[in-house]
Amino acid sequence: MAATLTGGSLTTTAPAHASSDTPAQAPRTTSHSTRSPSAAQLTCAIDDTSGCLNNTATSTFTTTTSPADADGSGNSFDAVDLTRTAGWHSGRTVTIDGATMTLPKFGTGTYDNMLASGQTVTLPGSSVANTGDAVVFLAFATGAAAKDATGTVTYADNNCLNPDGGPTDQDYRLDTVPDWLSGPSSAASITLVHENHSNNTQTSPSPGPKVYAISVPLACPGSVVSSISLPQFTNGVQAGHPALHILGLGIRPTTVTGSGSSAQHWVGTWASVQDTDTVRSSDGGTAAVNGQTLRIPVHVSIGTDSGDGARIHLSNAMGATPVTFHAASAALQDTTAAGATAAAPPATLTFDGSPSVTLPAGGDATSDPVTLTVPPQATVLVSLQVHGEVSAMPGHSLARTPVWVSDHANRTSDTAAAHYTRTTYTGLPYLSGIDVTTSTSNPTGSLVLYGDQSVNGDTASDDGRHHLSDAITGALVTDPRGDTSVDYGVLNAGTDSKGLLPQITNSTDPVNALNPQDRSVLAQGNVRTVLVSAGAADLLNCTSNADTCATDVENGLASLDSQLSSYSTDDSQIYVNQQPITQNSSITVYLATIAPFTAAHPGTAAQEAAREQVNTYLLDNYPGGLIDFAAAVSTDGTATSSTVKAADLSDGNPSDAYYADLAARYVDDVDSGALIHPPN
């Protein structure tokens, strides 16, 4: 979020198009919530919210169900669904979208969530993350979506100061918190099976009750937060009236770990987003493992600096049940033998010092740093031993990446590939990212490619090296106007899933994010730039007239631009009088024109007219922030041509040449100065 600090207060801004260097114009302010005296008395710590709880939303289903009323009609979550099925344990922590949150105690009939009524949640000086780049709320609404809920972030003394050295607070807004029953499943962090009722009955609605993660950008990333005031939204539940429930909240840390001379700066070098709850095999069957070790090759963009640090990210975001990994490792691939053969004995990975880690449904984890020299554009083999029998693995559905699996044993330390067999998986389970260390004095950031098939490379070669991220990395290396190096991480957040545009917004300029945008883009390692190539799937699924289809996509792209550019980069700290002030540098957002439909996925006349209308809108409204992907692959080299050139297609689908042409267009636009704010 761009920010201007004036007169002891913080003015937040959301530009029509993001700038990576310059504070945005046209400030927009949000007012502080008015707290009632009773609400103001509710205060608690972020890792023990018992003093702020004021509603019971979870019950244990028996012949005498424990009392709970989430919605004013006596309905509630089932405690067994949360604990035994999903692995969310009463009073323990879960990590969602990179933020660790402490769950309240639940299932006993006592208060187990916070109806947002102005409570003050304090952050201790130790034991929890109190600095970061975003606050993540674990929340849901009942009675309808909760909209336009505002609260306040208060920074500690000598943090987030205005230019005069005075303290300042930050107002925040939750644009929309979806309803637990009618809200979109694709944006939920967890979807449960049962709904309990006050008459001691239980039903299984479709879809089931849901909980969402909603992030709010911190205007002063890296500054210490002392407290967070919840919105003054409701003091009780009433049937048919919106109520905002918060199960927990946490701060997502920045990509700087440690401090002083021991500080390490991290940047993403590879990513894969979860978009399916069931990774498939090429025959359409479900991929399953039983105590086996997965070995996954990762083609990185940038390498480690002199610190030689690496770490991995694991995700169970689309999973319905917990998963445990007994062991994990990372090693460079042997460039001569290739396949599952490592170049040297793999480095053992740990998680909070333990060789094993359990991810609840919807959860994620980051490994401890390990010393591993990773050259640029190398292939890293990540090995994961999955505990027990897993009949369905969540992950990335169309990865175009080979995956190997071992016999029923821990083979994470194996250098040779003798115990590994190549699978027929079409997807990539569990592994969601790799970070490497970057210069402490001059850290680099990452470019996140967010979009549909144009980014993911669904029909490219299946060697794991021909996604758009790989094509851009290669184009930067071979660019005759460059220096053969890649100066920033290039991360692929492509997916074949639909609904990449914001699904629920209370305004055309949202300033906070739901999933999948939050975990797929904003939780990536030191993201500074986002390239959005989306809208094709939305158009192909639209059955209205051309104007309606085009307008919906145009509004969605504008909302996504506003949403992403409301967040700040991690490392833009400056100092005034030796005190930290954040010179907020908004994440830069580029939009891409929509390429012509292909023979494999043809559009109707109305859909094609809508595509051309959207592209004209983008060309007219986003000068200096637009990559003309359509022109790069179209027959006549324009954004409104209706066909893709034959050289970029194979059996009617985009080929490797298609993605190479998109990458060339991106590099040309960077080199030519066509982008007002080049990637950094």
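For the structure itself, consult the block above.
Quick summary incoming for the structure in this document. (Residues numbered from 1 in each chain as written. Predicted model: local features only at pLDDT ≥ 70, side-chain atom pairs only at ≥ 80, totals over all residues. Heavy atoms only, no water.)

Helix and strand counts for the chain come out as 10 helices and 44 strands. Relative to the 2.2 N^0.38 estimate, which gives 26 Å for 680 residues, the radius of gyration of the chain is 24 Å and therefore close to what a compact globule would have. Seen along its three principal axes, the alpha-carbon backbone of the chain occupies a region of about 65 × 60 × 60 Å. By the burial criterion, 59% of the 680 residues in the chain qualify as buried. Counting only contacts in the chain whose residues sit at least 6 apart along the sequence, the fraction spanning at least 24 positions is 79%. Of the roughly 23900 Å² that the chain leaves accessible, carbon and sulfur atoms contribute 49%. Each charge class in the chain can be summarised by its mean position, and for the 23 positive and 61 negative side chains these summaries are 4 Å apart. (Helix = DSSP H or I, 4+ residues; strand = E, 2+ residues; numbered from the N terminus. Rg over C-alpha atoms; globule rule 2.2 N^0.38 Å. Buried < 20%, exposed > 50% of the residue type's maximum accessible area, 1.4 Å probe, protein only. Contact = heavy atoms within 4.5 Å. Areas by Shrake-Rupley, 256 points an atom, 1.4 Å probe, with all protein chains shown as cover. Lys, Arg positive; Asp, Glu negative; His and termini not counted. Charge placed at Lys NZ, Arg CZ, Asp CG, Glu CD.)

Working note: α-helix, 3.6 residues per turn, so residues spaced by three or four point in the same direction. Over its 17 residues, helix α8 (residues 605–621) runs 24 Å from end to end, which matches the ideal 24 Å to within 8%, given 1.5 Å per residue. By the burial criterion, the buried members of α8 are Gln607, Glu608, Ala610, Arg611, Val614, Asn615 and Leu618. Down the axis of α8, the sector holding all buried residues measures 160 degrees, keeping them to one side. For α8, the exposed residues set more than 90 degrees away from the buried face come down to Ala605 and Asp620. Structurally, α8 contributes buried residues whose contacts are with α6 (536–540), α7 (546–565), β41 (588–592), β42 (626–627) and α9 (629–633). (Expected span 1.5 Å × (residues − 1). Arc of directions from axis to C-beta.)

Another aspect to go through is the state of the cysteines. Taken as a whole, this structure holds 3 disulfides when the rule is applied. Two residues, Cys44 and Cys52, share a disulfide whose sulfurs are 2.3 Å apart. Between Cys44 and Cys52, the disulfide has an S-S torsion of -105 degrees and is therefore left-handed. No difference in accessibility class separates Cys44 from Cys52, as the two residues are buried. Between Cys542 and Cys549 runs a disulfide, and the two sulfur atoms are separated by 2.0 Å. Taking the torsion about the S-S bond as the criterion, the Cys542 to Cys549 disulfide, at about -90 degrees, is left-handed. (Disulfide = S-S within 2.5 Å.)

Our focus in this paragraph is empty space enclosed by the protein. Within the structure shown, the criterion is met by 7 cavities of 30 Å³ or more. The calculated volume of the largest cavity comes to roughly 160 Å³. Every residue lining the largest cavity is counted, 20 residues in all, and those nearest its centre are Trp270, Ala271, His467, Ser469 and Asn492. Among the elements of the structure, β20 (264–271), α4 (468–478) and β37 (489–494) are those that each provide at least two residues to the lining of the largest cavity. Class assignment of the residues belonging to the lining of the largest cavity gives a composition of 7 nonpolar, 12 polar and 1 charged. (1 Å grid on protein atoms, 1.4 Å probe; cavity = no way out; pocket = protein on both sides within 12 Å on 5 of 7 lines; lining within 4 Å. Points joined across faces, edges and corners; volume = space filled by probe spheres on them. Nonpolar A, V, L, I, M, F, W, Y, C, P; charged D, E, K, R; others polar.)

Moving on to the pairing of strand β35 (residues 431–438). Burial runs high along β35: 8 of the 8 residues are buried. Examined bridge by bridge, β20 and β35 share 6 bridges and lie antiparallel to one another. Across the sheet, Gly268 pairs through a bridge with Asp435, a residue of β35. Bridge analysis of strand β23 (residues 309–315) against β35 gives 5 bridges, and the strand direction is antiparallel. Bridging from a neighbouring strand, Leu314 pairs with Leu431 of β35. (Pairing = 2+ DSSP bridges.)

A side chain with one charge can pair with a side chain of the opposite charge if their charged atoms come near. A complete count under the given rule lists 13 salt bridges for this structure. Across the pair Arg481 and Asp479 runs a salt bridge whose closest N-O atoms are separated by 3.3 Å. Among the residues examined, Arg481 registers a relative accessible area of 52% and is labelled exposed. Residue class for Asp479 comes out buried when judged on its relative accessible area of 7%. Across the salt bridge formed by Asp669 and Arg665, the nearest N and O atoms sit 3.5 Å from each other. In this pair, Asp669 and Arg665 are both assigned in helix α10 (residues 656–672), 4 residues apart and thus about one turn of the helix distant. For Asp669, a relative accessible area of 7% gives the class buried. (Salt bridge = Lys/Arg side-chain N within 4 Å of Asp/Glu carboxyl O.)

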